[in-house]
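The chain contents come next:
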Amino acid sequence: GPLSRAWSELMVDFGRVPVGAVTERVVEIVNMSPVPSRFTITAVAPGPLCDPVFACGEYEGAIEPGGSHTLKLLLSPSLATPHPLVGHFRVRAVGGVASSMITCTGMAEGPKVVLEESYISFGNLECGKVGTGTLHIRNDSSVPSVFQLQIDLHGVFRAEVLCGLLGARASQTVIIYFSPTKPMPYYRRVACLVHHQEPQFFNLVGTGFTETVRPVSLQPSCIARYIANAHRGLTCLPPEQLKECLTKDVLSSDSDGSILPKPGFRNPCPQPLSRSLPDGSSDYATYLSSEMDPSGFCHISVDTEVLKFGYSTPNHVSEGKVVNVTNHTNGIVTCVWIAGPLEPFRVVPEERDILAGTTASFTVTFRPHTPSQLYVRWLECYTFYKALRDYRLVETMTITPPWCLPVRVSGHTIDPHSEAFLPRVAFDSRNLVFPATLPGEASFRTAMMRNSGDMPVMFDFTGDVSGAYTVKPSHGLLQDGYQVFVLQLNPQEPRTYKQILKCRFNECDHFDQELLLSGTGEVALLELGNKGQLFFKSTCIRMMSESCCQVTNPSRLPVRFEWKIPEEAVGVLTVEPVNGTIDPGEIQKHQWRFCPLEKRSYAFRFSIQGAHSCYPKENHLLVKKFKGILTVMGEGCLGKMKCDPTHLECPTMVVGTSWPCPLTLTNTGPCTLQYRLFVVEVGQRGGATSILDNQGKGTVTLSNSGGVVYSHSCVSVTATVRPSTKQHSQWLIKYELITSHGEPLDTTAFPDFDSTLCTLTVRASYPVLSVRDLRGVGVASSLPKTMLRSMLSIDQLNTFLHDDPSSSELRYAIGTRHSMTRRVSVGTTAMVDFDFGAAPLEMGTSGFDLVVENHGDVPTEWAFQFPTDVLLEPEYWADTGQLDDEERHELSVMDHNLFTVLPKKGRLGVGESVVISCSFKHTTIGSSKLPVLLKLNRGREVLLRWRGITLERGQPFIHFVSHCHKFCPVPIGLQSYPRQDYVLYNAGDTAVSFEIDTEPLRALKEHNYEMPIIECSQSSGDIAHRSSVTVHLVFSPLEAKLYCVDLPVTFSNGEMRLITFAGEGIGAPEDTLTHHPPPPPPPHDVDKQKTVVASDVLAILSTDHLAFSDVVLFSVTRRVVFVTNTSDHTLSFNWELESSGVSEVLSIQPGRGYLQPKQSVACKFSFCSHLAPAIYDLELVCRVMDESEMASYSLKLEAWQKSEEEKKHSFAIIDVSTKSPSQSTRHQTVPRLKSLGKRPRSSDGEVRRKYEALPPIGCPLEETYEEWKKKDLAARGKHRPRRRTTEAQVPRPPQPSALPLRLTGHTHAMSDFSKLFKGTSPLHMDLVQSTLSPSPRKEKGLKVEEEENTTIRIVLSQMIRDLLEDSNFLSAVHKVVEEPVPYFQQFSTLRELGGKRGLSAHAHASVAGPHEPLLDTPPDTLTRPSLSSPTLNSQLELSNTEDIIQGDNREDIVPRSYPNEAQLNRHIKLIPEFSSFVENILENTLLNILKEANSGELNIGGPLYLIAKPPPSLSNSPITA
């Protein structure tokens, strides 16, 4: 059986054991001590009388050190009880203090005999005939059982078999006979006695009739109606009275046909019939009653059940014995005794009517016929209402069945002086222990006797002097088989009853057998453990602690108990169970729960009341109960927890990954805590920290969200961070104490309670990449970076890589990404066109170097996956082999290896970058396409649609990045709309002409009220090979809407393309740019930051993008770019302005120069536009040359030129005899003169010069040497085989590296700028006014007439023309320019200033040619570069012509006299020349600071050092020498 290994208490469960069987269990006792040990075993009895159902094989013994002993425990139940059997054995080591208890439990399983028929109806049978019926007896248990039918063999109802043994799960059929002797209804309730089980009952129903007498036909339904009528007190009335009441409508019937009294019905009976049995009594009591009425009420009674005649002489009538029958009903009944004519027992009279409430006497006589014979019979007395003799007098619902009163009679004819035959009988047990019961109550059990002989045995029980025991049947005859007895104990006092019951056989005292009957009358008694005291440990407020109280039932009866809880303890202390039942000898542990409500000590006294469970519930309170007292003490306190660590910052994680954070929670209080952990996010709302209502969200999960932590102990919790979205958040791991009701504890009343355990900072993002820089390689090296960025869609690619991936993109990793088809399965909407451009066949490779950087917070694993990389090869039988055109094209591209990428995959840490080289081979004519998947592990998927075009030789090709060009949004209502550019690039090796059809523009103009929406200034032109042409367009929106127009572009090769130009006009300037400034550029812009430099790059720029933003026309905006030499050689740089097309708006100082190794030079960029407003997006190129390689090239070139010069005047003669025979035969026709270019080499590799400077041989006089040499070499080449040339190759000059610089800007007219940027600082306005205004003051000029104006203009023009033709004047001007600028030059007029600065700029531009050494020029040589342009000067002349003609009588710049010095200073500050002077000083100062910071001499970002001012006393004191 299942065993518990605890030493203090060992539970041995025997399970269900059949009654009478013996079950064995084994317990092993181990000696854990190092010395031999003896032990004793004592059985602990629950009361003074113990049913020895549990036994131990031995009760003492010895065990060796470390040895073990096997102990056998036995269970042999003798009685089936509804409650478990409990036994205790105490094992104690001799000389030891500790002991252990072995508790044995088991259930005694008795038989379950069931009668399948509860009613056997024989119907109507004519008297004298015999009817049969069957009774099926079934045993549903695994315990064999003995049954016996309490019926006579000579009665009206008799059985074929009276007793038998039913095996386990067996059944038996018994035939019942019905032989009526008199015409009347018959009904008898027969008991089936079962050993170790309560009796079972079945009903026999039949009716006997004759030809003259037809009694009521009795059916089983009449019995059910009879029982219902009996409980209503109506069976005491005869049928005729019930019929009369029904006729008078004082009684009615229900749906079952039973009679139902109506309100107001008065029962003629003085009182309802008393029940013969109490409610809830067992079937034992029903059997022991004299009537065995199924309704339980007593209608007819007999004064005796047994008549003993003793010895009688054969054929002699013994003295009669009187039997009194009493009628308890209100009707006349007929009493009929059934006895055959040949029976030895006769009743006189056999039939008699008994009036209501009277008693009739009957005499029973005994006249035996055979000597030495035992006579035992059942005399059946059938009593019924007289009206039942005729069926016409009774209705069906008023039928009352007859009552059968059996009386057992016995006698014998055995001579007392002779020896009786020996009875061979045996009881199953002679020691009968009764179940315990209460005083005044009854206890039952069965006994079984078996007759193993062939002679009948008469038994008679005598000897019960106390009268506490009753046995039935107490007298009878056992023919053969089994006899089952039912015994009853009725204790009157709570004590033990022991009685010896004698059973005499065959009326001879020599054969007496004794039975020991034992039983107890019990009272309720309970024992409390620990002397009635119970202590609780310190418990947190509103929480619960548990403790057990041991309650023992020392009695042999189940005890029903109930705890009484005082009012002050309600809500603080609870016990489970509050009430219940404790089985005999059971030790229950009652669970007490202590839940303090406040911080204090508690002490209570509880009482337990107990009573035996056999009491009826309604009488429970009337019985004297047991009462015990239990003292309970406990203390309430408040517990707290802390966490280690208190702050935890997770490393930046990839979305979808997890990171465990181990935490240790410690209970610092004296009590056990039940807690619950939860996670909340802390966010910023309105500038204040608040807890957001998004507990958990799956980002932070805990290994256990709650539990119990004991006092001063720790518990480990793992917080797993698994972010599902990109975030930078802070989470609080908090706890709350859980009360006994499962609700959080309200800790607001405790200000020192802190619920925060740990603060967790989580950073999670997706892996991202961005293209930081790119450059063209091979054929694409000459393309501008702006065009490369458009071809490769870098901005769109960076946008896709920066966005968050979708769920479908996160489904697969790099290793698991697959496709079932040859084409890459697209699971993303991010698709980018990757155009490698076009080039002629065999021209080379178009490649791009992409500088890809991981600008995110987590490492990024990336891979380029071709269709073959993700294709899962199907089985041979599953491959159809059918390919469409696209699949065949992709396979051809991959087979020819046209597209390559290196490296194909990799991993970048945070901030790391890599150069990825993508290339396309121009080896196959046509367009080649290949879908390539750029997969970021746990990040985005971008489908790159690679395309490359290979052209035939001599084929022009106009490369369109996109067939839709979108203008920058332009506000409506501007005075001057900006110019925008569209670039056409010819990728072929042949020039091509283009022409733009402007007819759609004219249609658009007509549709918009003759307003030119889009203007094209250059509709045709030529595009050279491998070059581009810029088409200038002006977008002038009339309304705030989207304009679209399709312009056909026709090329000279016959190709025509349709280009869509789209532009959007936005609202009024004051509503757009003023209140809604343009958003800042995205952080992943390519040109914003200079990143990793390629290994072959000699120098780098500090930035790749110069953004001049919004600039006013005629104003100057400056930027500084540092050119840094990253190599170990001396470099030279040169900014190409003319080729870039920006010389009109940009000047660079210095435009060229030298760079020593690791040196940086600051280049100042001055942007000033005097043209129409435009949007600039240009690209400058800085050519960097390695001077070391240039010097080496110069030496090689000089050596080659010298060698070539020597070749013209030298030749070589080869001796044929030195050759081998084969060689001499083979070269016998070869001339012996060899030119110098094919001289043989000696063994050491040097050229052997045989002869030099010989005159030419065979050269005609009319031909020159060069002509003759060409003809001679051509003739020789036809007759001799080619030999490997040893001519020196022409040295190739080193190619300069290009450093691209993007320039963007937007110029505005002054009026438009003031409208668009109302809130902008007026710095641009001041610069424009100071540039264009001739003086800060406006002087009034003289009024002249038109004739005078014409005369003055003609005279001045002639004078200027003469001065320009004067050579002395021009030479003097050049000398003045070359002289140092005097101090007073800054006070010259604006016209003089502009002219001199223009000459200075011109002189500076012509200082050094492309092949002359660069000159060091000061950075402030060109202050206003745009003022030297002739267009601006002409505009200034036109604007100031009126003032000149009117006669500018202005005063000098510095007036002769002013009232005070302050006015003089104010006047000087307002002069534009002075402002320019101060601006130059500030500009040079800032430039010097930047140079020092770039060289490391100055730390701009360092801390500021403040110099304290001197005290006032020192500052006010005069300074003395």
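Details of the structure are given in the entry above.
Residues numbered from 1 in each chain as written. Predicted model: local features only at pLDDT ≥ 70, side-chain atom pairs only at ≥ 80, totals over all residues. Heavy atoms only, no water.

S.K.: Explanation requested: the sheet that holds strand 31 (residues 443-451) in the structure shown.
M.R.: Neighbouring strands of a sheet are bound in pairs by backbone hydrogen bonds; such pairs are parallel or else antiparallel. Taken together, four strands build an open sheet; the order of strands is 29-31-35-33 and the sheet is antiparallel. Unpaired on one side and paired on the other, strand 29 (425-427) and strand 33 (469-472) mark the two borders of the sheet. Averaged over all pairs of adjacent strands, the angle between strand axes in this sheet comes to 25°, irrespective of strand direction. Note that strand 33 and strand 35 (residues 481-489) share four bridges and pair antiparallel. Across the sheet, residue threonine 470 finds its bridge partner in strand 35, namely glutamine 488. (Pairing = 2+ DSSP bridges. Helix = DSSP H or I, 4+ residues; strand = E, 2+ residues; numbered from the N terminus. Axes fitted to C-alpha atoms, helices over the stretch in contact; angles between N-to-C directions.)

S.K.: Could you clarify how one ought to interpret the nonpolar core in this entry?
M.R.: Across soluble globular proteins, nonpolar side chains have a tendency to be buried as a group. Within the largest apolar cluster, 64 residues are counted, with the highest numbers of intra-cluster contacts made by Leu135, Phe157, Leu204, Val325 and Trp337. The leading source of residues in this core is strand 27 (residues 374-385), at six residues. Once residues within four sequence positions are removed from consideration, leucine 135 is found in contact with Leu115, Glu117, Ile120, Leu149, Gln172, Thr173, Val174, Ile176 and Phe202. One finds Val771, Leu792, Phe836 and Ala838 within the second-largest nonpolar core, a separate group that totals 46 residues. (Core = buried A, V, L, I, M, F, W, Y, C linked by side-chain atoms within 4.5 Å. Buried < 20%, exposed > 50% of the residue type's maximum accessible area, 1.4 Å probe, protein only. Contact = heavy atoms within 4.5 Å.)

S.K.: Could you clarify how one ought to interpret the pairing of strand 3 (residues 37-44) in this entry?
M.R.: If a strand is regular, its side chains alternate between the two faces of the sheet. Here strand 3 runs beside strand 5 (residues 60-63); their pairing, made up of four bridges, is antiparallel. What sits directly across from phenylalanine 39, in strand 5, is glycine 61. Where strand 3 lies against strand 7 (residues 85-93), six bridges are found, and the strand directions are antiparallel. Its bridge partner lying in strand 7, isoleucine 41 is registered against valine 91.

S.K.: Looking at this structure, how should I read the pattern of salt bridges?
M.R.: If the charged atoms of two oppositely charged side chains come close together, the side chains can form a pair. The full count for this structure, using the stated rule, is 45 salt bridges. Among the salt bridges present, the one from aspartate 140 reaches arginine 138, with a minimum N-O distance of 2.6 Å. We note a salt bridge from glutamate 1483 to lysine 1164, for which the minimum N-O separation is 2.6 Å. Of this pair, glutamate 1483 sits in helix 20 (residues 1472-1495) while lysine 1164 is found in strand 84 (residues 1160-1167), placing the two residues 319 residues apart along the sequence. Its relative accessible area of 13% is what places glutamate 1483 among the buried residues. Overlapping salt bridges, with partners in common, bring together Arg1118, Lys1164, Glu1479 and Glu1483 in one network. (Salt bridge = Lys/Arg side-chain N within 4 Å of Asp/Glu carboxyl O.)

S.K.: Can you walk me through the side chain of histidine 959 in this structure?
M.R.: In this fold, histidine 959 is placed in strand 68 (residues 958-959). Separated by 3.2 Å, the side chains of histidine 959 and aspartate 835 make a polar contact. Once residues within four sequence positions are removed from consideration, histidine 959 is found in contact with Met787, Met791, Asp835, Gly837, Ala838, Arg947, Tyr985 and Ala987. (Polar contact = N/O pair within 3.5 Å; in protein donor to acceptor, adjacent residues only side chain to side chain.)

S.K.: Would you mind showing me how to read a negative patch on the surface here?
M.R.: A surface patch of like charges, here negative, comprises Glu1345, Glu1346, Glu1347 and Glu1348. Tracing the sequence through the fold places glutamate 1347 in helix 15 (residues 1346-1365). Classification of glutamate 1347 by relative accessible area gives exposed; the value is 63%. (Patch = residues over 30% accessible without salt bridge, like charges linked within 9 Å, V, L, I, M, F, W, Y side chains within 5 Å. Areas by Shrake-Rupley, 256 points an atom, 1.4 Å probe, with all protein chains shown as cover. Lys, Arg positive; Asp, Glu negative; His and termini not counted. Charge placed at Lys NZ, Arg CZ, Asp CG, Glu CD.)

S.K.: Explain the sheet that holds strand 48 (residues 641-644) here, please?
M.R.: Reading across the sheet, the four strands line up as 48-51-56-54 and stay open at both edges, with antiparallel pairing between neighbours. Two strands bound the open sheet, and with one partner strand each, they are strand 48 and strand 54 (700-702). Between one strand axis and the next, the sheet turns by 30° as a mean value, whatever way the strands run. Where strand 51 (residues 659-667) lies against strand 56 (residues 714-721), eight bridges are found, and the strand directions are antiparallel. By the bridge assignment, leucine 665 is partnered in strand 56 with valine 715.

S.K.: Would you mind going over the pairing of strand 58 (residues 756-765) with me for this structure?
M.R.: Among the 10 residues in strand 58, eight count as buried, and that is most of the element. Two strands pair when backbone bridges link them, and strand 49 (residues 647-649) and strand 58 are joined in this way by three bridges, in the parallel orientation. Bridged to glutamate 649 within strand 58 is threonine 761. Taken together, the two bridges between strand 50 (residues 653-654) and strand 58 define a ladder with parallel strand orientation. Its bridge partner lying in strand 58, valine 654 is registered against serine 765.

S.K.: Help me understand the packing of aromatic side chains in this model?
M.R.: The way to describe two aromatic rings as a pair is by their centre distance and the angle between their planes. This structure, assessed with the given rule, holds 45 aromatic pairs. For the ring pair phenylalanine 309 and phenylalanine 345, a centre distance of 5.7 Å and an interplane angle of 45° mean the geometry is tilted. Of the two residues, phenylalanine 309 is situated in strand 21 (residues 306-311) and phenylalanine 345 in strand 24 (residues 345-348); the sequence distance between them amounts to 36 residues. Pair check on accessibility: phenylalanine 309 and phenylalanine 345 agree, each one buried. When the ring of phenylalanine 864 is compared with that of tryptophan 946, the centres are 6.3 Å apart and the planes differ by 50°; the resulting orientation is tilted. With a gap of 82 residues between them, phenylalanine 864 in strand 62 (residues 860-865) and tryptophan 946 in strand 67 (residues 941-951) connect regions that are remote in the sequence. (Phe/Tyr/Trp six-rings, centres within 6.5 Å; stacked < 30°, edge-to-face > 60°.)

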